Amino acid sequence: MTLRWTRRPEGSTWGDFGPDDELGRLNLLTPEKVLQGVAEVRAGRTFCLSLPLDLPGGNVLNPRRHPPQITPTRRADGRPNMNFPVCEEVDGATDVICDDRALIHLQYSTQWDSLAHVGSLFDADGTGATPTYYNGFRGGRDIVGPSAPEAADQPSRAKRLGIERLAETGMQGRAVMIDLRAHLGDAKTKVGYDQLARILEADGVVIEPGDMVCLHTGFAERLIAMGGDPDPKLVHNLCAGLDGRDPRLLEWITRTGLCALIADNYAVEAYPAGPGPACCATLPLHEHCLFKLGVNLGELWHLTPLAAWLRAHGRSRFLLTAPPLRLPGAVGSPTTPIATV
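As the structure is a computational prediction, the values presented were derived from the model and not from experiment.

Cut-off values and rules
- Residues numbered from 1 in each chain as written.
- Predicted model: local features only at pLDDT ≥ 70, side-chain atom pairs only at ≥ 80, totals over all residues.
- Heavy atoms only, no water.
- Axes fitted to C-alpha atoms, helices over the stretch in contact; angles between N-to-C directions.
- Helix = DSSP H or I, 4+ residues; strand = E, 2+ residues; numbered from the N terminus.
- Parallel < 35°, antiparallel > 145°, perpendicular 65-115°, else oblique.
- Left-handed = near helix turned anticlockwise from the far one by under 90°.
- Contact = heavy atoms within 4.5 Å.
- Nonpolar A, V, L, I, M, F, W, Y, C, P; charged D, E, K, R; others polar.
- Polar contact = N/O pair within 3.5 Å; in protein donor to acceptor, adjacent residues only side chain to side chain.
- Phe/Tyr/Trp six-rings, centres within 6.5 Å; stacked < 30°, edge-to-face > 60°.
- Lys NZ or Arg CZ within 6 Å of the ring centre and 35° of its normal.

A. Representation of the packing of helix α6 (residues 247-256) against helix α7 (residues 284-293). Two elements in contact, α6 and α7, have axes separated by 10 Å at closest approach and are oriented at 30°. Taken together, the axes of α6 and α7 lie roughly parallel to each other. In the crossing of α6 with α7, the sense of the turn from one axis to the other is right-handed. Contacts between α6 and α7 pair Leu250, Ile253 and Thr254 from the former with Leu285, His288, Cys289 and Leu293 from the latter. Taken together, the residues of the contact of α6 with α7 sort by class into 5 nonpolar, 2 polar and no charged.

B. Region of the structure containing the side chain of asparagine 135. Tracing the sequence through the fold places asparagine 135 in the loop between β8 (130-132) and β9 (143-144). Engagement of the side chain of asparagine 135 in a polar contact is seen with the backbone nitrogen of glycine 15, the distance being 3.0 Å. Aside from chain neighbours lying at most four places away, what touches asparagine 135 is Arg4, Trp5, Trp14, Gly15, Gly18, Pro19, Asp20 and Asp21.

C. Region of interest: the packing of aromatic side chains. Throughout the structure, instances matching the rule amount to 6 aromatic pairs. Taken together, a centroid distance of 5.4 Å and an interplanar angle of 85° make the contact between tryptophan 14 and phenylalanine 291 edge-to-face. Of this pair, tryptophan 14 sits in the segment before α1 (31-39) while phenylalanine 291 sits in helix α7, and the two are 277 residues apart along the sequence. Grouped by ring-pair contacts, the aromatic residues Trp5, Trp14, Phe122 and Phe291 constitute a single cluster. The aromatic ring of phenylalanine 137 is capped on one face by arginine 4, whose charged end is 3.8 Å from the ring centroid.

Here is the structure:
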């Protein structure tokens, strides 16, 4: 068998879970981790961790992503299938039908990133740098789609590393909350390793291999307060984000063995990331997690009510159930996560 790569990025997990692995660190989300999550259920209370999927509203966070559009499906004669009395087609029928469709930008609101979401220009076999993704899967072969502007509406597909891999695992297990907002408030802050370590120590938070880690910053709560009309000046100057330029922070992600990293902010990491080497990623934490480690990222989750409850009860761990849509070939997906405490 010909390997896809003969060299791997420094510090990566490529090949650690097999030459054709598409799960990355989700391999650590074992039955034992699910049982650990179930063991955290004591009160039987659930929290919905999704924003309404029409938030944040507008497209000030990302000009390429727009709110969902819901429209009726159509009957055979073209009439809209909304409050439709079937008696118009079948004498005596009492049914009234509503049926709709949605145009959704899959990473507009509460979402998962698949490992096909962010790759890197990388020379995996000595033939030169090309678009490459986790475990050596290649752009143009394994992740395919149009490149010319006139073809932009043609189909795309992640033949490998698609979001369906997450759905197939179930995305259920033990999760851990890190409450950044309780310590830092709503000011825009880049959180490096030293500051994160102090917060973990102060709150007695322990992270073990296979845990899903949630970062509460309060950003999603502020979006909700804006009522679907976010202030373009304010929204980019709120709340904490991890400092993806801090090598000790990236090493912490590697060392903990966490299997997914989730935040209620826009990108988990502070964006823009700030100055870096002359040749570097604009999203260094994304590159480290998605491209090197195989750690999926969750963004724009609504964590504030859960974080408040956990802090009030002296807890940081809970059962998390958060499958994405089982949509083969997609590079990201909405999710409606449920925490059970």
